[in-house]
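# Report on the structure
The lines below spell out each chain.
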Amino acid sequence: MTSIAIPPGMPQYDDVPRYDVAKVRADFPILDREVNGHRLVYLDSANTSHKPRQVLDVLGEHYAMHNANVSRSVHTLGTEATEAYEGARAKIAAFINAPSVDEVVFTKNSTEAINIVAYAFSNASLRPDADPRFRLGPGDEVVISEMEHHSNIVPWQLLCERTGATLRWFPVTDQGRLDESGLQDLVTERTKIVSLVHMSNILGTVNATSRITARVREVGALLLLDCSQSVPHMPMDVVDHDADFVVFTGHKMCGPTGIGVLWGRGELLAAMPPVLGGGSMIETVTMARSTFAAPPARFEAGTPPIAEAVALGAAVDYLAGIGMRAVQWHEKELTAYALDALATVPGLRIFGPTVPVGRGGTISFALGDIHPHDVGQVLDSLGVQVRVGHHCAKPVCTRFGVPAMTRASFYLYTTTGEIDALVAGLEQVRKVFE
Amino acid sequence: MQLESLYQEIILDHYKHPHGRGLRDPDATGARVAEAHHVNPTCGDEVTVRVATDGEVLHDVSYDGMGCSISQASASVLHELLVGRGAGDAFRVHEAFVELMSGRGQVTPDEDVLGDGVAFAGVARYPARVKCALLPWMAFKDAAARAGVGVSPTEVEA
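Residues numbered from 1 in each chain as written. Chains lettered and ligands numbered in written order. Predicted model: local features only at pLDDT ≥ 70, side-chain atom pairs only at ≥ 80, totals over all residues. Heavy atoms only, no water.

### A few points about the overall build of chain A
A tally of regular secondary structure across chain A gives 14 helices and 17 strands. Reported as C-alpha extents along the three principal axes, the dimensions of chain A are approximately 70 × 55 × 50 Å. Buried residues in chain A amount to 56% of all 434 residues. Intrachain contacts of chain A at a sequence separation of at least 6 include 71% that bridge at least 24 residues. Approximately 17,600 Å² of chain A is accessible, and the part contributed by carbon and sulfur atoms is 55%. (Helix = DSSP H or I, 4+ residues; strand = E, 2+ residues; numbered from the N terminus. Buried < 20%, exposed > 50% of the residue type's maximum accessible area, 1.4 Å probe, protein only. Contact = heavy atoms within 4.5 Å. Areas by Shrake-Rupley, 256 points an atom, 1.4 Å probe, with all protein chains shown as cover.)

And the structure:
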């Protein structure tokens, strides 16, 4: 191995933020278990991440000690629960550098967060007095991309069906990058919203959004970023990204299932009509009509997932404690290692960027013409957990001419040893099927 | 769980060398022909099964599709077991296969009825893969019903 000296005054190799992966792994009880007689090798964190003891403890402790409904009780438990719930909101706001805590709306997941925005458009389109930025009709356009998760496709298809607007999309290049060459024609004065994935859940591509943001501002449209795969893995600054909406989900970032986030510019959330009606989202109610609370309460009808929100706050504390720069760097190193290692497997074809630049630690591939189901099954027999199928991104599979892909995805607890286990497992797959 | 119980040699043989693959037009004039296209939405596997029958005998059961070894081998076995059979007989095989796959590994298959289909006994222990094995059989059931031969349990019992 040759070593290259970095000139003094430049950032040195050891200057990068690091953490002790073994120590982090010890926080995750599930990583100790065995699967089919082998040590668990979990390479499916893009699907859902594992939860550290620090999060599990908070979840249990909330129910054991502070359980009560929020925002409605004068009693002590109710006050504790409300403080914990709103405290979690503040932690999440700080984690993504939201200018105001009130810009963080708790949802069930990213899917619900995107649907809230889509249905706000829908509801505004029925009301002549609604903010014109949210009114859609024939001639208006919604722009997405070919690399979206189904959760960022279907809500917009349904919205366009309801309003008569037209759905358009950015194509994807052969290298798995967003094709921005048609930006000027795609995003125009007819565009009302661009809803784009920040990091693809299937190709691993991290989209550089600044050119698109600039164009969106030029034409007066809105920009939603689906950050389900990026917020868990890299620092997120919503101000720096200059988006209008950012959505992400708790269970992919060491938090529990059932809790997600819609961040929106305060001024925009305030201009949006409500979507779900019910308790907690009102200002006053008479038998004939109601007026509505300010955001975020306006979009949190009914009893929210309280313990889940509190536990997501603990997850954010955990991640912030390690440092998102360090998490990002660890995954960048893993990705570089994995891309090199997978390149040694005969007949393996990677879908998406093959260099560890502008991509995250999610790698989809084909192994010859062996079906991903069979690949995943043999790997599972060796304890290696990967996802197989269309990954809720069927248009990407179609784009690359395959019905399904095999996907390995990494997180802060993943090791190079686990990538070696994957590569060894793929050798076993080839033995069974070739 | 042992991988060998899932990937029996017989299954891998059918996968690597499928029997009767490809959609065919019937030789006999006057045969009723119908097909059904089924997909597994969770993995994207798909299969089209075409049945040609005079109402009594299944002259041909042809198929095409793409998918995993289990679904493709299952289609090959389906073809091998059902071509040339009487409709009622085919129904008994269909029922036995569905019963085997629904049995979570607790059903002992009858080789006289299921032939190479007995190799799928191990698949029944993998709940995530049962749908793969059943995909061509469910498509066959629909295709047969469209061709006017009642091979689905409900139609036969009626």
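Text resumes after the structure shown.
### Some points on the confidence of the model for chain B
Residues and elements named next belong to chain B. For chain B, per-residue confidence averages 88 on the pLDDT scale, and 93% of positions sit at 70 or higher. In the model of chain B, helix α7 (residues 153–157) stands out as the element of lowest mean pLDDT, 41, in contrast to helix α3 (residues 69–82), which has the highest, 95. Note on residues 153–158: pLDDT is under 50 here. Beyond four places in sequence and across chains, it has 7 contacts. (pLDDT = per-residue confidence, 0-100.)

### Focus: the nonpolar core
Grouped together as the largest cluster of nonpolar side chains are 78 residues, with contacts concentrated most on A:Leu426, B:Ile70, B:Leu82, B:Met101 and B:Phe120. In terms of residues, this core owes the most to one element, helix α6 (residues 127–146) of chain B, which gives 10 residues. Setting aside its immediate chain neighbours within four residues, B:Met101 contacts B:Phe120, B:Val123, B:Ala124, B:Val130, B:Ala133 and B:Leu134. Listed in part, the 76 residues of the second largest apolar core include A:Leu31, A:Val231, A:Ala315 and A:Cys397. (Core = buried A, V, L, I, M, F, W, Y, C linked by side-chain atoms within 4.5 Å.)

### A few points about the pairing of strand β3 (residues 58–66) of chain B
Residues and elements named next belong to chain B. Both strand β2 (residues 45–53) and β3 contribute to a ladder of 8 bridges, which runs antiparallel. Following the sheet pairing, Glu-46 is matched in β3 by Met-66. Here β2 hands over to β3 after 4 residues, with Gly-55 in that stretch at a positive phi of 100 degrees. (Pairing = 2+ DSSP bridges.)

### A look at the pattern of salt bridges
All names here are of chain A. In this structure the tally under the stated criterion is 26 salt bridges over all chains. The salt bridge involving Arg-89 is made with Glu-86; its shortest N-O contact spans 2.7 Å. Linking Arg-89 with Glu-86, this pair stays in helix α3 (residues 76–95), spanning 3 residues, or about one helical turn. With a relative accessible area of 2%, Arg-89 lands in the buried category. (Salt bridge = Lys/Arg side-chain N within 4 Å of Asp/Glu carboxyl O.)

### Side note on the sheet that holds strand β16 (residues 387–389) of chain A
By definition, the strands of a sheet pair up through backbone hydrogen bonds, in either a parallel or an antiparallel sense. All names here are of chain A. Sheet architecture is open: 4 strands sit in the order β13-β14-β17-β16, paired in antiparallel fashion. Both edges of this open sheet fall to β13 (348–351) and β16, since each of them pairs with a single strand only. Averaged over all adjacent pairs, the angle separating strand axes in this sheet is 30 degrees, with direction ignored. Two elements, β13 and strand β14 (residues 362–367), share 4 bridges in a ladder whose sense is antiparallel. Residue pairing for β14: Phe-351 is matched across the bridge by Ser-364. Relative to the sheet, helix α11 (residues 324–343) contacts β13 and β14, its axis offset from that of β14 by approximately 5 degrees. (Axes fitted to C-alpha atoms, helices over the stretch in contact; angles between N-to-C directions.)

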